[in-house]
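Fold and geometry: a report
Here's the letter readout for the chains.
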Amino acid sequence: MCGIIGVTGRDGCSRILLEGLRSLEYRGYDSAGVAVQTADGLVVVRRPGKLAELEGVLAEREPFGRTGIGHTRWATHGPPTQQNAHPHVDGPERVAVIHNGIIENHEALRAELVARGVTFRSETDTEILAHLVSERIEAGDDLGQATAHVAGRLDGSYSFAVVSADRPDELAAVRHQSPLILGIGDGANFLASDIPALLPHTKVVMPLEDDDVAVLTPDKVTVTDVHGQVVTRPVRTIDWDPVRIQKGGYRHFMMKEIEEQPAAVAATMTGCLTDDGFTIRIPALDALGDRLAQLERLTFVACGTSWHAGLAGKFFIENLVGIPVDVDYASEFRYRQTQAGPGHLVVPITQSGETLDTMVALRQAKQGGSPIVSVVNVPESAADRESDAAIMTEAGPEIGVASTKAFTTQLVALYMLALDLAGRRGALDAAALRERVQPLRRIRYAMEGALRHADAVRDVAHRYADARDFLFLGRGVNYPIALEGALKLKEISYIHAEGYPAGEMKHGPIALIDGDMPVVVVATPGRVYDKVLANIQEVRSRAGKVIAVCAEGDERVAAQADEVLEVPRVDEDLSCLVNVVPLQLLAYFIAEKRGCDIDQPRNLAKSVTVE
Ligand code: AGP
């Protein structure tokens, strides 16, 4: 998705916009551009390709301007060319607009404008906004009124910001389905698609809601609805440390975030352990009161890696709480008859808290009467604000597009959810709960142990970096880990990879096995360990190459596999938290060997806010 940044009231704002775009680049990096107010009118600079292209052009002059907007694009309409890069301008180039989302009725509006003599320069849906706002200003609207009026004509998802040469110290913006957050500064105000872009300037933020229209000047922020009625939005102070958003000496954010996992997992547990340290009590769930006791079923809704976490959560909840659990892709859930209602707990899982498919599913389930408990990483995100309760994963800002620490903190949050529900519903007694909480509190050390094998994983990765296809196999709680390992590999190395339940291989995928396709098998101790060993044999007897994730010193697996990725021995239920680490590292080192753009893989974006 695209990244949006705006500032009013800061000298050298072109540099501020560039810095903001650098922190937003993970949201989309097909092209970038800025529009800055100057005494001679709007200066608009746009470049296709990575942000460095724009940076190079802006470096040719001193930072300039006090008010402006910036954009980094994930192309939806029109290829990533200079002409299609944002900001887009009206005919006289006195209005500039940047946009995140998809305007579904853009063709009709474009035809209307062409009929009025407007000449278009780009293939984008966004350009119509510049012309429509310009027309409204010509008709006598101020910038806020023009923005509100245009927003009222749009269908689809759109958050856009606009500047006009007629109002050199004003920004106007509207939020609809795509995230937009205001930053309240001292003598300056800001707006951005996410919180990290604001933190270097202010920790005081005001998330906008759908159809909010904001007008910012250096010393004032006004928020109205699209009809001009003033609305009040809460202001929050965010305690994220801006330094944590930097790479901290790592080559890639992804490796930094892989190594942050043990601490992130521990931080996610903090605040959910009772004083004696032996029981889990998630404070956020208290908001649901006795509704939790009425639960008859639970559905996880999520996308991508978060959906994989939901599969592990199903394992936890069914085993520990004893209620049936569904795990739905959010993009499918929203088109099904899902029997939402008071007895059906819906749990959206989302790192960004803004994924549009997940948010639409959340709103649909809520409207149907289901209690909503989200597992979310970004505070003040839409999922955080719109749920009955939000279990916050404490991974901190996750910048790498490939999700790692958000995933393992989701696993911890879901395991804690299972323990808490089991306790509240009497499915587990105090002794049984205590027996499970202890290993959970120690899991961070096992994850650190897995990280200590990174060099061995790198050696294996370099031996298989040229493979064209991979198969990942796992059973039980490690089936989602096989899926996650495959997703990590494909999204950052562009190698085709599939994850399968190990027991399913003989029903088709075994036809793919040959000496050229490495098969990664999660083979750590558990109820189905012997079955997994048999699967390894099936692969080997067809000349397949087996890379096995196994417990340290496991001679049985080592004797049968071509390669081993060792991890410390832990309880089976928690093994998913440890076993995913070598698979994350395997993907990272293969992608690094192949010279891929690990933090910003092609075609991807960190937060998918379009349908
Ligand atoms: C994970 O590595 C991917 N980047 C992607 O699948 C991601 O998990 C998915 O888009 C969901 O994002 P969310 O957790 O922010 O909702």
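Notes on the structure follow. (Residues numbered from 1 in each chain as written. Predicted model: local features only at pLDDT ≥ 70, side-chain atom pairs only at ≥ 80, totals over all residues. Heavy atoms only, no water.)

Topic: the pairing of strand β11 (residues 204-207)
Strand direction decides the pairing type here: strand β9 (residues 181-184) and β11, joined by 3 bridges, are antiparallel. If you follow Leu182 over to β11, its bridge partner there is Met206. Judged from the 2 bridges that link them, β11 and strand β14 (residues 236-237) form a sheet pairing that is antiparallel. From the neighbouring strand, Val205 faces β14, where its bridge partner is Arg236. (Pairing = 2+ DSSP bridges. Helix = DSSP H or I, 4+ residues; strand = E, 2+ residues; numbered from the N terminus.)

Quick look at the site of the ligand
Taken together, the neighbourhood of the ligand is formed by 13 residues, with Ser306, Gln351, Ser352, Thr355 and Glu491 sitting nearest. At a separation of 2.7 Å, an oxygen atom of the ligand approaches a polar backbone atom of Gln351. For the ligand, an oxygen atom lies 2.7 Å from a polar atom in the side chain of Ser352. Isolated, the ligand exposes 410 Å² of accessible area, and the fraction of that covered by the protein chains is 90%. (Near = heavy atom within 4 Å. Polar contact = N/O pair within 3.5 Å; in protein donor to acceptor, adjacent residues only side chain to side chain. Areas by Shrake-Rupley, 256 points an atom, 1.4 Å probe, with all protein chains shown as cover.)

As for helix α7 (residues 261-269)
With respect to burial, α7 is a largely interior element, 7 of its 9 residues being buried. Restricting attention to buried positions, one finds in α7 the residues Gln261, Pro262, Ala264, Val265, Ala266, Thr268 and Met269. Turning to α7, the residues buried within the fold contact α6 (253-259), β19 (389-392), α12 (405-424), α13 (430-451) and α18 (572-593). Backbone geometry just downstream of α7 places Gly271 in the positive-phi region, at approximately 90°. (Buried < 20%, exposed > 50% of the residue type's maximum accessible area, 1.4 Å probe, protein only. Contact = heavy atoms within 4.5 Å.)

A look at the environment of Pro79
For Pro79, the location among the structural elements is in the loop between β4 (67-73) and β5 (88-89). Since its relative accessible area comes to 42%, Pro79 is described here as partly exposed. In the structure, Pro79 is positioned 44 residues away from Glu123 in sequence and 8.2 Å away in space, judged by C-alpha atoms. Aside from chain neighbours lying at most four places away, what touches Pro79 is Arg73, Asn84 and Glu123.

Examining the sheet that holds strand β3 (residues 41-48)
Sheet strands line up and pair through hydrogen bonds in the backbone, either parallel or antiparallel. Read across the open sheet, the 8 strands follow the order β3-β2-β4-β1-β10-β9-β11-β14; overall the sheet is antiparallel. Since the sheet does not close on itself, it has two edges, and those belong to β3 and β14, each with one partner. Sheet topology places strand β1 (residues 3-8) next to strand β10 (residues 189-192); 4 bridges connect them, and they run antiparallel. Across the sheet, Gly6 pairs through a bridge with Leu191, a residue of β10. In the packing of helix α1 (residues 13-24) onto the sheet, contacts are made with β1, β2 (31-38) and β4, and the angle to β1 comes to roughly 155°. (Axes fitted to C-alpha atoms, helices over the stretch in contact; angles between N-to-C directions.)

With respect to the state of the cysteines
Evaluation of the coordinates by the stated rule reveals 0 disulfides. Not engaged in a disulfide, the cysteine Cys272 finds its nearest cysteine sulfur in Cys576; these two sulfurs lie 17 Å apart. (Disulfide = S-S within 2.5 Å.)

With respect to the packing of aromatic side chains
Two aromatic rings, taken as a pair, are described by how far apart their centres are and by the angle between their planes. Scanning all chains against the criterion turns up 4 aromatic pairs. On the numbers, 4.9 Å between centres and 85° between planes, the contact of Phe316 with Tyr415 is edge-to-face. Here the residue Phe316 occupies a position in helix α8 (residues 304-320), and Tyr415 occupies one in helix α12, the gap between them amounting to 99 residues. In this pair, the class of Phe316 matches that of Tyr415, namely buried. (Phe/Tyr/Trp six-rings, centres within 6.5 Å; stacked < 30°, edge-to-face > 60°.)

Observations concerning the sheet that holds strand β22 (residues 518-522)
Across the sheet, 5 strands lie side by side as β21-β20-β22-β23-β24; this open sheet has parallel pairing. Strand pairing shows two members of the sheet lacking a second neighbour, β21 (496-501) and β24 (563-567), which therefore form its edges. Taking the axes of each pair of neighbouring strands and ignoring which way they run, one obtains an average angle of 20° across the sheet. Note that strand β23 (residues 545-551) and β24 share 5 bridges and pair parallel. The residue bridging Val549 from the neighbouring strand is Leu565, located in β24. Where helix α16 (residues 529-540) meets the sheet, it contacts β22 and β23, and its direction lies at approximately 160° from that of β23.

Structural notes on the pattern of salt bridges
Across all of its chains, the model carries 37 salt bridges by this definition. When the shortest N-O distance is used, the salt bridge between Arg251 and Glu592 registers 3.1 Å. In this pair, Arg251 sits in the loop between β14 and α6 while Glu592 sits in helix α18, placing the two residues 341 residues apart along the sequence. Residue classification places Glu592 among the partly exposed positions, given a relative accessible area of 25%. Salt-bridge contacts for Arg458 lead to Asp455; the nearest nitrogen and oxygen are separated by 3.0 Å. (Salt bridge = Lys/Arg side-chain N within 4 Å of Asp/Glu carboxyl O.)

Regarding the pairing of β23
On a regular strand, one side chain projects to one face of the sheet and the next to the other, so that they alternate. Here β23 lies mainly inside the structure; 6 of its 7 residues are buried. Strand direction decides the pairing type here: β22 and β23, joined by 5 bridges, are parallel. What sits directly across from Val519, in β23, is Val546. Taken together, β22, α16 and β23 form a β-α-β motif whose crossover is right-handed. Handedness of the β23-helix α17 (residues 555-560)-β24 crossover: right-handed. (Right-handed = clockwise from strand over helix to strand, strands pointing away.)

Focus: unusual backbone geometry
In this chain, His86 is followed by Pro87 through a cis amide linkage whose omega measures 0°. One can find Pro87 in the loop between β4 and β5. Positive phi is not limited to glycine here, since Tyr494 has a value of about 65°. Even without being a glycine, Ala543 presents a positive backbone phi close to 65°. Checked against the element boundaries, Ala543 lands in the loop between α16 and β23. A relative accessible area of 49% means that Ala543 is categorised as partly exposed.

Concerning the side chain of Asp90
Here Asp90 shows up in the loop between β5 and β6 (95-103). Arg121 provides the closest opposite charge to the buried, unpaired Asp90, separated from it by 6.2 Å. A polar atom in the side chain of Asp90 sits 3.0 Å from the backbone nitrogen of Val95. When near neighbours in sequence (up to four residues on either side) are disregarded, Asp90 contacts Val95, Arg121, Ala130, His131 and Ser134. (Lys, Arg positive; Asp, Glu negative; His and termini not counted.)

Things to note about the packing of α12 against α18
Here α12 crosses α18 at 175°, and the two axes come no closer than 10 Å. By the angle between their directions, the pair α12 and α18 is classed as roughly antiparallel. Of α18, the residues touching α12 (which contributes Phe407, Thr408, Leu411, Val412 and Tyr415) are Asp573, Leu574, Cys576, Leu577, Val580 and Gln584. In the contact of α12 with α18, the residues fall into 8 nonpolar, 2 polar and 1 charged. (Parallel < 35°, antiparallel > 145°, perpendicular 65-115°, else oblique. Nonpolar A, V, L, I, M, F, W, Y, C, P; charged D, E, K, R; others polar.)

Note that every value here comes from positions in space, so none of it alone points to a role or purpose.
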